[in-house]
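What follows is each chain in one-letter form.
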Amino acid sequence: MKVQLNGDPVDMQGTTLADLLEAEGFGGARIATAVNGEFVPASLRDGHALTEGDRVEVLAPMQGG
Amino acid sequence: MRDFYGTRLANGFMLGTAQYPSPAILADAFRRSAASVATVSLRRESGRDRQGQDFWQLIRDLDVHILPNTAGCHSVKEAVTTAHMAREVFDTKWIKLEVIGEEDTLQPDVFGLVEAARILSDEGFQVFPYTTEDLVVADRLLQAGCEVLMPWGAPIGSGLGLNNIFGLRAMRAHFPDIPLVIDAGLGLPSQAAAAMELGFDAVLLNTAVARAGDPAAMAEAFAGAIRAGQQAHAADPMEPRDMAAPSTPVIGKAFLE
(Lines give C-alpha, C1' and ligand atoms only; values in the text may rest on other atoms or scores of the structure.)
Protein backbone atom coordinates (compact mmCIF):
# COMPACT_ATOMS: atom_id res chain seq x y z
CA MET A 1 0.00 0.00 0.00
CA LYS A 2 1.31 3.46 -0.91
CA VAL A 3 0.93 6.37 1.54
CA GLN A 4 2.51 9.80 1.89
CA LEU A 5 4.86 10.14 4.87
CA ASN A 6 5.80 13.76 5.56
CA GLY A 7 5.22 14.52 1.91
CA ASP A 8 7.21 11.58 0.49
CA PRO A 9 5.68 8.45 -1.04
CA VAL A 10 6.22 5.27 1.00
CA ASP A 11 5.34 1.70 0.06
CA MET A 12 4.34 0.24 3.40
CA GLN A 13 3.85 -3.25 4.77
CA GLY A 14 1.18 -3.77 7.42
CA THR A 15 -2.08 -1.92 7.78
CA THR A 16 -1.99 0.49 10.71
CA LEU A 17 -0.34 3.79 11.57
CA ALA A 18 1.65 1.97 14.27
CA ASP A 19 2.95 -0.50 11.62
CA LEU A 20 4.15 2.36 9.44
CA LEU A 21 5.89 4.16 12.31
CA GLU A 22 7.70 1.03 13.44
CA ALA A 23 8.86 0.19 9.90
CA GLU A 24 10.08 3.73 9.24
CA GLY A 25 12.30 3.94 12.32
CA PHE A 26 10.11 5.88 14.75
CA GLY A 27 9.96 3.18 17.42
CA GLY A 28 10.20 4.73 20.88
CA ALA A 29 10.54 8.26 19.47
CA ARG A 30 8.84 11.30 20.98
CA ILE A 31 6.55 12.22 18.11
CA ALA A 32 3.00 13.28 17.34
CA THR A 33 1.03 12.06 14.36
CA ALA A 34 -1.71 13.27 12.05
CA VAL A 35 -3.46 11.51 9.18
CA ASN A 36 -5.07 13.57 6.42
CA GLY A 37 -4.80 16.66 8.60
CA GLU A 38 -6.44 15.12 11.68
CA PHE A 39 -4.49 14.53 14.88
CA VAL A 40 -4.17 10.85 15.84
CA PRO A 41 -3.21 10.47 19.52
CA ALA A 42 -0.52 7.94 20.41
CA SER A 43 -3.09 5.77 22.15
CA LEU A 44 -5.02 5.30 18.88
CA ARG A 45 -2.12 4.53 16.52
CA ASP A 46 -2.40 0.75 16.96
CA GLY A 47 -6.00 0.75 15.87
CA HIS A 48 -5.76 3.39 13.15
CA ALA A 49 -5.96 1.58 9.80
CA LEU A 50 -4.39 3.42 6.88
CA THR A 51 -5.77 3.38 3.37
CA GLU A 52 -4.13 3.92 0.01
CA GLY A 53 -3.00 7.52 -0.49
CA ASP A 54 -3.35 8.62 3.15
CA ARG A 55 -1.23 11.63 4.10
CA VAL A 56 0.67 10.90 7.31
CA GLU A 57 2.48 13.63 9.22
CA VAL A 58 5.03 12.73 11.90
CA LEU A 59 6.21 15.70 13.95
CA ALA A 60 8.85 15.98 16.65
CA PRO A 61 10.28 18.69 18.92
CA MET A 62 12.11 21.36 17.00
CA GLN A 63 13.64 24.77 17.67
CA GLY A 64 11.10 27.59 17.84
CA GLY A 65 10.63 31.21 18.83
CA MET B 1 5.10 39.42 38.82
CA ARG B 2 1.65 38.05 38.05
CA ASP B 3 1.15 34.29 37.77
CA PHE B 4 0.87 32.55 34.42
CA TYR B 5 -2.08 30.16 34.79
CA GLY B 6 -1.06 29.56 38.39
CA THR B 7 2.65 29.24 37.66
CA ARG B 8 4.98 31.77 39.22
CA LEU B 9 8.08 32.26 37.10
CA ALA B 10 11.51 32.96 38.57
CA ASN B 11 11.93 35.86 36.16
CA GLY B 12 10.29 37.56 33.20
CA PHE B 13 12.57 36.17 30.51
CA MET B 14 11.06 33.86 27.90
CA LEU B 15 13.65 32.85 25.34
CA GLY B 16 13.28 31.19 21.96
CA THR B 17 15.37 28.21 20.90
CA ALA B 18 15.69 28.81 17.13
CA GLN B 19 18.50 30.11 14.91
CA TYR B 20 21.44 29.56 17.29
CA PRO B 21 24.82 28.77 15.74
CA SER B 22 24.93 25.45 17.63
CA PRO B 23 23.05 23.49 20.32
CA ALA B 24 25.92 24.16 22.74
CA ILE B 25 25.53 27.93 22.30
CA LEU B 26 21.77 27.62 22.77
CA ALA B 27 22.34 25.80 26.07
CA ASP B 28 24.92 28.38 27.13
CA ALA B 29 22.50 31.24 26.42
CA PHE B 30 19.94 29.64 28.74
CA ARG B 31 22.54 28.93 31.39
CA ARG B 32 23.95 32.44 31.47
CA SER B 33 20.60 34.21 31.29
CA ALA B 34 18.67 31.86 33.60
CA ALA B 35 15.66 32.45 31.32
CA SER B 36 12.67 30.74 32.90
CA VAL B 37 10.75 29.70 29.77
CA ALA B 38 11.88 28.13 26.49
CA THR B 39 9.69 28.37 23.40
CA VAL B 40 9.77 25.36 21.10
CA SER B 41 8.04 24.11 17.99
CA LEU B 42 7.11 20.98 16.04
CA ARG B 43 8.41 20.01 12.64
CA ARG B 44 8.50 16.95 10.44
CA GLU B 45 10.74 14.22 11.81
CA SER B 46 12.80 11.75 9.80
CA GLY B 47 12.91 8.17 11.06
CA ARG B 48 16.52 7.93 9.86
CA ASP B 49 18.27 10.83 11.62
CA ARG B 50 15.68 11.50 14.38
CA GLN B 51 17.00 15.05 14.93
CA GLY B 52 14.03 16.03 17.04
CA GLN B 53 14.91 13.43 19.64
CA ASP B 54 18.31 15.03 20.29
CA PHE B 55 16.69 18.45 20.54
CA TRP B 56 14.12 17.11 23.00
CA GLN B 57 16.92 15.82 25.24
CA LEU B 58 18.68 19.18 25.09
CA ILE B 59 15.50 21.03 26.06
CA ARG B 60 14.80 18.69 28.95
CA ASP B 61 18.29 19.27 30.28
CA LEU B 62 17.69 23.04 30.38
CA ASP B 63 15.20 22.46 33.20
CA VAL B 64 12.93 25.37 32.26
CA HIS B 65 9.21 25.73 31.55
CA ILE B 66 8.39 24.73 27.99
CA LEU B 67 6.08 26.84 25.84
CA PRO B 68 5.32 25.16 22.49
CA ASN B 69 4.17 27.41 19.67
CA THR B 70 1.97 27.11 16.62
CA ALA B 71 4.39 29.15 14.49
CA GLY B 72 3.73 29.16 10.78
CA CYS B 73 0.05 28.32 11.14
CA HIS B 74 -2.24 30.40 8.95
CA SER B 75 -5.62 28.86 9.70
CA VAL B 76 -7.63 28.03 12.81
CA LYS B 77 -7.70 24.33 11.97
CA GLU B 78 -3.95 24.17 11.40
CA ALA B 79 -3.25 25.97 14.68
CA VAL B 80 -5.67 23.83 16.69
CA THR B 81 -4.29 20.57 15.26
CA THR B 82 -0.73 21.72 15.91
CA ALA B 83 -1.70 22.55 19.49
CA HIS B 84 -3.11 19.04 19.96
CA MET B 85 0.12 17.53 18.67
CA ALA B 86 2.26 19.84 20.80
CA ARG B 87 0.33 18.93 23.95
CA GLU B 88 1.08 15.27 23.38
CA VAL B 89 4.75 15.71 22.50
CA PHE B 90 5.66 18.27 25.16
CA ASP B 91 3.24 17.09 27.82
CA THR B 92 2.01 20.59 28.70
CA LYS B 93 -1.26 22.51 28.52
CA TRP B 94 0.64 25.68 27.65
CA ILE B 95 0.45 26.78 24.03
CA LYS B 96 1.80 29.94 22.42
CA LEU B 97 -0.98 30.46 19.91
CA GLU B 98 0.05 32.04 16.62
CA VAL B 99 -2.37 32.39 13.72
CA ILE B 100 -0.50 34.40 11.12
CA GLY B 101 -2.56 36.65 8.88
CA GLU B 102 -0.08 38.60 6.77
CA GLU B 103 3.22 37.49 5.31
CA ASP B 104 5.26 40.71 5.22
CA THR B 105 4.64 41.67 8.83
CA LEU B 106 3.71 38.23 10.24
CA GLN B 107 0.87 40.13 11.86
CA PRO B 108 -1.57 37.86 13.69
CA ASP B 109 -4.93 37.11 12.12
CA VAL B 110 -6.76 38.31 15.20
CA PHE B 111 -10.13 36.93 14.04
CA GLY B 112 -8.72 33.43 13.62
CA LEU B 113 -6.74 33.90 16.82
CA VAL B 114 -9.86 34.55 18.91
CA GLU B 115 -11.64 31.57 17.33
CA ALA B 116 -8.71 29.21 17.91
CA ALA B 117 -8.23 30.54 21.46
CA ARG B 118 -11.86 29.76 22.28
CA ILE B 119 -11.62 26.20 20.93
CA LEU B 120 -8.38 25.46 22.76
CA SER B 121 -9.43 27.11 26.04
CA ASP B 122 -12.63 25.06 26.02
CA GLU B 123 -10.48 21.95 25.61
CA GLY B 124 -8.41 22.80 28.68
CA PHE B 125 -5.40 24.41 27.04
CA GLN B 126 -3.72 27.35 28.75
CA VAL B 127 -3.39 29.73 25.83
CA PHE B 128 -0.68 32.38 25.42
CA PRO B 129 -2.01 34.30 22.40
CA TYR B 130 0.38 36.20 20.14
CA THR B 131 -1.70 39.30 19.46
CA THR B 132 -1.51 43.01 18.74
CA GLU B 133 -2.00 45.84 21.25
CA ASP B 134 -5.63 46.26 20.11
CA LEU B 135 -7.75 46.55 23.27
CA VAL B 136 -10.91 45.19 21.68
CA VAL B 137 -9.14 42.08 20.43
CA ALA B 138 -7.54 41.69 23.85
CA ASP B 139 -10.96 41.80 25.48
CA ARG B 140 -12.27 39.15 23.06
CA LEU B 141 -9.32 36.91 23.85
CA LEU B 142 -10.05 37.18 27.56
CA GLN B 143 -13.70 36.36 26.89
CA ALA B 144 -12.52 33.34 24.89
CA GLY B 145 -10.76 32.02 27.98
CA CYS B 146 -7.22 33.40 27.76
CA GLU B 147 -5.68 34.45 31.06
CA VAL B 148 -2.47 35.81 29.51
CA LEU B 149 -1.98 38.23 26.61
CA MET B 150 1.13 38.57 24.46
CA PRO B 151 1.09 41.73 22.33
CA TRP B 152 3.83 42.24 19.79
CA GLY B 153 6.45 44.93 20.30
CA ALA B 154 7.14 44.99 16.55
CA PRO B 155 7.02 42.45 13.70
CA ILE B 156 8.71 39.11 14.47
CA GLY B 157 12.44 39.18 13.84
CA SER B 158 12.53 42.90 13.04
CA GLY B 159 14.41 44.11 16.11
CA LEU B 160 12.53 47.42 15.98
CA GLY B 161 11.59 47.44 19.66
CA LEU B 162 8.35 48.83 21.07
CA ASN B 163 6.62 50.30 18.04
CA ASN B 164 3.56 51.61 19.84
CA ILE B 165 4.41 52.69 23.36
CA PHE B 166 1.10 54.51 23.70
CA GLY B 167 -0.89 51.39 22.80
CA LEU B 168 1.14 49.14 25.07
CA ARG B 169 0.83 51.56 27.99
CA ALA B 170 -2.91 51.71 27.41
CA MET B 171 -3.07 47.92 27.39
CA ARG B 172 -1.22 47.70 30.71
CA ALA B 173 -3.57 50.27 32.26
CA HIS B 174 -6.66 48.63 30.79
CA PHE B 175 -5.91 45.12 32.06
CA PRO B 176 -4.23 45.65 35.44
CA ASP B 177 -4.75 42.06 36.61
CA ILE B 178 -3.79 40.19 33.42
CA PRO B 179 -0.24 38.92 32.89
CA LEU B 180 1.11 40.69 29.81
CA VAL B 181 4.12 39.60 27.78
CA ILE B 182 5.82 41.55 25.01
CA ASP B 183 6.25 38.93 22.32
CA ALA B 184 8.41 39.64 19.30
CA GLY B 185 10.19 42.56 17.73
CA LEU B 186 12.76 43.33 20.42
CA GLY B 187 16.33 43.90 19.27
CA LEU B 188 18.15 45.36 22.26
CA PRO B 189 18.19 44.91 26.03
CA SER B 190 17.22 48.57 26.52
CA GLN B 191 13.93 47.80 24.72
CA ALA B 192 13.30 44.89 27.08
CA ALA B 193 13.99 47.16 30.05
CA ALA B 194 11.54 49.71 28.65
CA ALA B 195 8.86 47.00 28.36
CA MET B 196 9.36 45.96 31.96
CA GLU B 197 9.38 49.61 33.11
CA LEU B 198 5.92 49.92 31.53
CA GLY B 199 4.79 47.19 33.90
CA PHE B 200 4.80 44.20 31.57
CA ASP B 201 5.35 40.89 33.30
CA ALA B 202 7.74 39.30 30.84
CA VAL B 203 9.31 39.57 27.42
CA LEU B 204 9.61 36.82 24.86
CA LEU B 205 12.35 37.06 22.27
CA ASN B 206 14.55 34.89 20.10
CA THR B 207 16.26 36.54 17.13
CA ALA B 208 17.91 39.34 19.12
CA VAL B 209 19.81 36.75 21.12
CA ALA B 210 20.32 33.97 18.58
CA ARG B 211 21.54 36.32 15.83
CA ALA B 212 23.88 38.34 18.04
CA GLY B 213 27.61 37.88 17.51
CA ASP B 214 27.82 36.33 20.98
CA PRO B 215 24.36 34.90 21.75
CA ALA B 216 25.13 33.78 25.31
CA ALA B 217 26.51 37.20 26.27
CA MET B 218 23.49 38.89 24.69
CA ALA B 219 21.14 36.59 26.59
CA GLU B 220 22.83 37.58 29.82
CA ALA B 221 22.56 41.27 28.86
CA PHE B 222 18.82 40.84 28.25
CA ALA B 223 18.42 39.11 31.60
CA GLY B 224 20.06 42.05 33.36
CA ALA B 225 17.89 44.55 31.50
CA ILE B 226 14.70 42.66 32.28
CA ARG B 227 15.61 42.55 35.94
CA ALA B 228 16.49 46.26 35.98
CA GLY B 229 13.25 47.21 34.23
CA GLN B 230 11.20 45.14 36.63
CA GLN B 231 12.93 46.67 39.66
CA ALA B 232 12.41 50.15 38.24
CA HIS B 233 8.70 49.55 37.71
CA ALA B 234 8.34 48.23 41.26
CA ALA B 235 10.21 51.28 42.57
CA ASP B 236 7.49 53.59 41.16
CA PRO B 237 9.29 55.89 38.68
CA MET B 238 8.91 59.68 38.84
CA GLU B 239 6.53 61.45 36.47
CA PRO B 240 8.29 63.23 33.58
CA ARG B 241 7.73 67.00 33.37
CA ASP B 242 8.28 69.60 30.71
CA MET B 243 10.17 72.18 32.79
CA ALA B 244 13.45 71.84 34.65
CA ALA B 245 13.39 71.45 38.42
CA PRO B 246 16.66 71.97 40.31
CA SER B 247 17.80 68.85 42.08
CA THR B 248 20.30 70.69 44.28
CA PRO B 249 18.61 72.70 47.05
CA VAL B 250 18.77 76.48 46.50
CA ILE B 251 18.19 77.39 50.14
CA GLY B 252 21.45 78.45 51.76
CA LYS B 253 23.19 79.15 48.49
CA ALA B 254 25.88 81.86 48.83
CA PHE B 255 25.27 85.28 47.32
CA LEU B 256 28.38 85.79 45.16
CA GLU B 257 27.36 88.50 42.67
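The text that follows walks through the structure, step by step, so that each part is easy to find.

The rules behind these values
- Residues numbered from 1 in each chain as written.
- Chains lettered and ligands numbered in written order.
- Predicted model: local features only at pLDDT ≥ 70, side-chain atom pairs only at ≥ 80, totals over all residues.
- Heavy atoms only, no water.
- Helix = DSSP H or I, 4+ residues; strand = E, 2+ residues; numbered from the N terminus.
- Buried < 20%, exposed > 50% of the residue type's maximum accessible area, 1.4 Å probe, protein only.
- Contact = heavy atoms within 4.5 Å.
- Areas by Shrake-Rupley, 256 points an atom, 1.4 Å probe, with all protein chains shown as cover.
- Lys, Arg positive; Asp, Glu negative; His and termini not counted.
- Charge placed at Lys NZ, Arg CZ, Asp CG, Glu CD.
- Buried area = accessible area lost by both parts, 1.4 Å probe.
- Polar contact = N/O pair within 3.5 Å; in protein donor to acceptor, adjacent residues only side chain to side chain.
- Nonpolar A, V, L, I, M, F, W, Y, C, P; charged D, E, K, R; others polar.
- Pairing = 2+ DSSP bridges.
- Axes fitted to C-alpha atoms, helices over the stretch in contact; angles between N-to-C directions.
- Parallel < 35°, antiparallel > 145°, perpendicular 65-115°, else oblique.
- Left-handed = near helix turned anticlockwise from the far one by under 90°.

What about the overall build of chain B?
At step 1: Of the regular secondary structure elements, chain B holds nine helices and eight strands.
At step 2: Once the C-alpha set of chain B is aligned to its principal axes, its extents read approximately 85 × 40 × 35 Å.
At step 3: Residues counted as buried form 51% of the 257 residues belonging to chain B.
At step 4: Nonlocal contacts in chain B, meaning residues at least 24 apart in sequence, comprise 66% of its contacts between residues at least 6 apart.
At step 5: Summing over all exposed atoms, chain B offers an accessible surface of approximately 12300 Å²; the carbon and sulfur share of this is 52%.
At step 6: Averaging the positions of the 21 positive and the 32 negative side-chain charges in chain B gives two centres separated by 3 Å.

Observations concerning the interface of chain B and chain A
Reports often express the size of an interface as the amount of accessible area lost when the parts come together.
At step 1: On the chain A side, the residues contacting the 30 residues of chain B number 28 residues.
At step 2: Summing the contributions of chain B and of chain A, the shared interface buries around 2500 Å²; its carbon and sulfur component is 57%.
At step 3: Looking at the side of chain B facing chain A, the largest losses of area belong to R44(B), M85(B) and E88(B), adding up to 26% of the total buried there.
At step 4: Where chain B packs against chain A, one counts 18 residue pairs in polar contact (both at pLDDT 80 or more).
At step 5: Broken down by secondary-structure element, the contributors of at least two residues to the side of chain B that touches chain A are β2 (37-44), α2 (51-62) and α3 (76-90) of chain B.
At step 6: Take the side of chain B that touches chain A: its biggest share by element is seven residues, from α3(B).
At step 7: Counted by class, the side of chain B that touches chain A contains nine nonpolar, 12 polar and nine charged residues.
At step 8: Sheet topology note: the strand β5 (residues 55-63) of chain A/β2(B) ladder contains five bridges and is antiparallel.

Some remarks on unusual backbone geometry
At step 1: One non-glycine residue, N6(A), adopts positive backbone phi at about 50 degrees.
At step 2: Here the phi dihedral of A184(B) falls at roughly 90 degrees; this positive angle occurs in a residue that is not glycine.
At step 3: Structurally, the position occupied by A184(B) is in the loop between β7 (181-183) and α7 (189-197).

Regarding the packing of helix α1 (residues 23-33) of chain B against α2(B)
Residues and elements named next belong to chain B.
At step 1: Between α1 and α2, the least distance of the axes is 10 Å, while the angle of their chain directions is 20 degrees. With respect to α2, the element α1 is oriented roughly parallel. Two packed elements cross with a definite hand, and for α1 against α2 that hand is right-handed. Where α1 approaches α2, its residues P23, L26, A27 and F30 are matched on the opposing element by F55, L58 and L62.
At step 2: Of the residues belonging to the contact of α1 with α2, the class tally is seven nonpolar, no polar and no charged.

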